[in-house]
Amino acid sequence: MAAAAAGPGPGSGPGDSPEGPEAEAPERRRKAHGMLKLYYGLSEGEAAGRPSGSDPLDPTDLNGAHFDPEVYLDKLRRECPLAQLMDSETDMVRQIRALDSDMQTLVYENYNKFISATDTIRKMKNDFRKMEDEMDRLATNMAVITDFSARISATLQDRHERITKLAGVHALLRKLQFLFELPSRLTKCVELGAYGQAVRYQGRARAVLQQYQHLPSFRAIQDDCQVITARLAQQLRQRFREGGSGAPEQAECVELLLALGEPAEELCEEFLAHARGRLEAELRSLEAELGPSPPAPDVLEFTDRGGSGFVGGLCQVASAYQELFAAQGPAGAERLAAFARELGGRYFALVERRLAQEQGGGDNSLLVRALDRFHRRLRAPGALLAAAGLAEAATEIVERVARERLGHHLQGLRSAFLGCLTDVRQALAAPRLAGKEGPGLAELLANVASSILSHIKASLAAVHLFTAKEVSFSNKPYFRVGLLYEEGVRKAQSSDSSKRTFSVYSSSRQQGRYAPSYTPSAPMDTNLLSNIQKLFSERIDVFSPVEFNKVSVLTGIIKISLKTLLECVRLRTFGRFGLQQVQVDCHFLQLYLWRFVADEELVHLLLDEVVASAALRCPDPVPMEPSVVEVICERG
């Protein structure tokens, strides 16, 4: 071993080693090592892993840069007895084997990566060689094309200039022709009702006429166009004020008037006034359905009419307003928000009046469907008009109705409980006939429990409709607690989940592979065996995200609890019986915990690690037979 470690060390002078790359390599390593020490601010001793007070030039320091094996061996032979020399050799052999094992493990783990990288580099060389040939051919072809293009350009240069001049003259003549024909075109569009086309013609010519208005011919064209445009604006205002058309037609009129230069503030007020008239008509129609004389429609039909009529119209008005009057800035947005807040409040009052008529504790399905339609319809205006707070107001209405319904069911449960107590009181106070016994206390208690349980189940089934996944408001904070009643998704459970026992040094998948070799006649290094287990075990993300259902929440709690148990075991030292108790505890936990998690393999792996860690922390690991563990847990 000394001979293998001997050789020209870093501390030998330049005259002791031959000149060449072999002699320069240690010097380069020392320079790089020194630069790293300067960068990280380390002293010579700290960089070599020695205490700060040790001598960096000590030739007997194994971790020093000037270590000399001959000096180190001479020192050991002089100062250490034979037993200590043997212990030092044994320790050094163990360390060398541990390093060899770690190096082999790294090579095994990255072998496929090395092979893949080699294949990739070889493939890249071939691809780049083909690419270079193709690039050379492409460069040659591009040179030929460039030569032909230059010759063609030189030949057609004169013709190109003449054609360009003629094209410019032709375009100018077409523009002049359009300007001279503009009054007749505008007149024809107004007569045919093509107001949008007339406005587009005016917009194309406005800048040119404004620029050349000092010329008499252009001035005359501009005057004729202004007369026609004034008549067009008057007809558009008349059409807008009549109000017989729908919101899209009126929005088109406003857009054309804005394009003609009409004042935006005045158009904004008129637009909201016309929209108010249409929406108030929808509200009056809904209010008429709530009157005493005609029979009120069911709550689902009422919310459908309100959603398609009022809410749909409000969405059209809001989107058209934001598109037409975006230049109004925050003042225009606040005007629209106040408009929607006022009319939305009147609509919500009508909806609450209709919902208040839904009395009784019957089936809640129709009421929940109506609330779902009502809440879903108000998503669009809530997004368009966030400042108006329509979506928040709708959610508050739904929550109030849900609270009222919960209070109604709670009152029903109280009444049912009081009725059961009254029946029990009457049964106990009733006179007993001779020779005939009345109902006993156990029988009366069973009847009360059965009756109360049936009422509770019926109430929960009715209330659970408010938290169904397909309901749009079920994700709101007030209703999210109900999602915990959802089971979630579980993986298929194996048939032997409740009969599995734990070995000390192996999981169920590795028990047949490693456990037979662990016997008193063939001892095994427990640290090495633990590392082998970790190589083949699946990594568990203990703090993974949790879904909002019962199975996912229970899985997260169980993973964190078992991980905590594992860390506690790693901090303790166990005797033989303590290890056996951990075996029994883990088997007992496995008998019941697998039913509550999404994947039973998580419980198996974590409990395997607990038992294996307990075995590593036990000086005398003598595991209990699996059959004995099963008998103890079955009797318990």
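All values reported here derive from a predicted model rather than from experimental measurement.

Engineer: Please explain the overall build of the protein as it appears in this structure.
Structural biologist: Tallying secondary structure elements over the protein gives 21 helices and 0 strands in all. A total of 636 residues make up the protein; the buried ones form 30% of that total. Summarising the internal contacts of the protein: among those between residues at least 6 apart in sequence, 72% fall at separations of at least 24. Accessible surface, the protein as shown: approximately 40200 Å² in total, 58% of it carbon and sulfur.

Engineer: Any chance you could explain helix H20 (residues 600-616) here in plain terms?
Structural biologist: Given a rise of 1.5 Å per residue, 17 residues ought to cover 24 Å, and the 25 Å separating the end C-alpha atoms of H20 matches this to within 8%. Counting buried residues along H20, 14 of its 17 residues qualify, which places the element largely inside the surrounding structure.

Engineer: Help me understand the packing of aromatic side chains in this model?
Structural biologist: Aromatic rings in a pair are described by how distant their centres are and how their planes are angled relative to each other. Enumeration over the complete set of coordinates arrives at 9 aromatic pairs. Here the aromatic rings of Tyr347 and Phe374 are separated by 6.2 Å at their centres, their planes lie at 40°, and the arrangement is tilted. Of the two residues, Tyr347 sits in helix H11 (residues 330-356) while Phe374 sits in helix H12 (residues 365-377), which places them 27 residues apart along the sequence. Residue classification places Tyr347 among the buried residues on the basis of a relative accessible area of 2%. Each residue in the set Phe310, Tyr347, Phe348 and Phe374 is aromatic and connected to the rest through ring pairs, giving one cluster.

Engineer: Where do I start with the nonpolar core in this structure?
Structural biologist: In a soluble, globular protein the nonpolar side chains are often hidden away together inside. Counting 76 residues, the largest nonpolar core has Phe271, Phe339, Tyr347 and Phe374 as its most contacted members. With 12 residues, helix H10 (residues 299-324) is the largest single contributor of residues to this core. Each of two domains, domain 1 (192-257) and domain 2 (264-388), supplies a minimum of three residues to this core. Not counting residues up to four positions away in its chain, the partners in contact with Tyr347 are Leu283, Leu286, Thr303, Gly306, Gly307, Phe310, Val311 and Phe374. Leu562, Leu606, Val611 and Cys618 belong to the second largest nonpolar core, which has 22 residues in total.

Engineer: Explain a negative patch on the surface to me, please; I cannot follow it from the model alone.
Structural biologist: The grouping of Glu132, Asp133, Glu134 and Asp136 at the surface amounts to a negative patch. Mapping Glu132 onto the fold places it in helix H5 (residues 82-192).

Engineer: Explanation requested: helix H6 (residues 195-211) in the structure shown.
Structural biologist: In an α-helix there are 3.6 residues to a turn, and that puts residues three or four apart on one side. Over its 17 residues, H6 runs 25 Å from end to end, which matches the ideal 24 Å to within 8%, given 1.5 Å per residue. Its axis deflected by about 40° at Ala205, H6 carries its strongest bend there. Looking at H6, one finds that the buried residues are Tyr195, Gly196, Ala198, Val199, Tyr201, Gln202, Ala205 and Leu209.

Engineer: Whenever I open this one, the confidence of the model for the protein confuses me. Can you help?
Structural biologist: A low pLDDT score tells you not to read the predicted coordinates there in detail. Averaged over every residue, the pLDDT of the protein is 77; residues scoring 70 or more account for 78%. When pLDDT is averaged over each helix and strand of the protein, the minimum, 33, is found for helix H16 (residues 511-514) and the maximum, 92, for helix H19 (residues 576-593). This model gives residues 44-49 a pLDDT under 50, and the stretch forms 11 contacts once residues within four places in sequence are excluded. Of the regions scoring below 50 in pLDDT, residues 505-524 engages in 33 contacts with residues more than four places distant in sequence or in other chains.

Engineer: Would you mind going over the pattern of salt bridges with me for this structure?
Structural biologist: Oppositely charged side chains can pair when the atoms bearing their charge come close. According to the stated counting rule, one finds 18 salt bridges in the structure shown. Residue Arg151 pairs with Asp147 through a salt bridge whose shortest N-O separation is 3.2 Å. Pair noted here: Arg151 and Asp147 are both in helix H5, with a separation of 4 residues, about one helical turn. Classification of Asp147 by relative accessible area gives partly exposed; the value is 41%. Residues Asp620 and Arg576 are paired through a salt bridge, measuring 2.6 Å at the closest nitrogen-oxygen approach. On the criterion of sequence distance, the pair formed by Asp620 in the loop between H20 and helix H21 (626-635) and Arg576 in helix H19 is long-range, its members being 44 residues apart. Accessibility expressed as a relative area gives 36% for Arg576, which makes it partly exposed.

Engineer: Just checking my understanding: could you explain the environment of Arg237 for this structure?
Structural biologist: Its place among the elements puts Arg237 in helix H7 (residues 216-242). With 13 residues separating them in the primary sequence, Arg237 and Gln250 have C-alpha atoms 9.8 Å apart. Excluding residues that lie within four positions of it along the chain, Arg237 makes contacts with Leu257, Glu262, Pro263, Glu266, Leu267 and Glu270.

Engineer: Teacher, can you tell me more about the packing of H11 against H12 here?
Structural biologist: Angle between the axes and distance between the axes are the two parameters that describe a pair of packed helices. Two numbers describe how H11 lies on H12: the axes approach to 12 Å, and their chain directions differ by 175°. Here H11 is positioned roughly antiparallel relative to H12, judged by the angle of their axes. For the pair H11 and H12, the contacting residues are Tyr347, Phe348, Val351 and Leu355 in the first and Leu367, Leu371 and Phe374 in the second. Classifying every residue of the contact of H11 with H12 by side-chain character gives 7 nonpolar, no polar and no charged.

Rules and cut-offs
- Residues numbered from 1 in each chain as written.
- Predicted model: local features only at pLDDT ≥ 70, side-chain atom pairs only at ≥ 80, totals over all residues.
- Heavy atoms only, no water.
- Helix = DSSP H or I, 4+ residues; strand = E, 2+ residues; numbered from the N terminus.
- Buried < 20%, exposed > 50% of the residue type's maximum accessible area, 1.4 Å probe, protein only.
- Contact = heavy atoms within 4.5 Å.
- Areas by Shrake-Rupley, 256 points an atom, 1.4 Å probe, with all protein chains shown as cover.
- Expected span 1.5 Å × (residues − 1).
- Phe/Tyr/Trp six-rings, centres within 6.5 Å; stacked < 30°, edge-to-face > 60°.
- Core = buried A, V, L, I, M, F, W, Y, C linked by side-chain atoms within 4.5 Å.
- Domains from an automatic or database assignment.
- Patch = residues over 30% accessible without salt bridge, like charges linked within 9 Å, V, L, I, M, F, W, Y side chains within 5 Å.
- Salt bridge = Lys/Arg side-chain N within 4 Å of Asp/Glu carboxyl O.
- Lys, Arg positive; Asp, Glu negative; His and termini not counted.
- Charge placed at Lys NZ, Arg CZ, Asp CG, Glu CD.
- Bend = angle between axes of the 7 residues up to and from the residue.
- pLDDT = per-residue confidence, 0-100.
- Axes fitted to C-alpha atoms, helices over the stretch in contact; angles between N-to-C directions.
- Parallel < 35°, antiparallel > 145°, perpendicular 65-115°, else oblique.
- Nonpolar A, V, L, I, M, F, W, Y, C, P; charged D, E, K, R; others polar.

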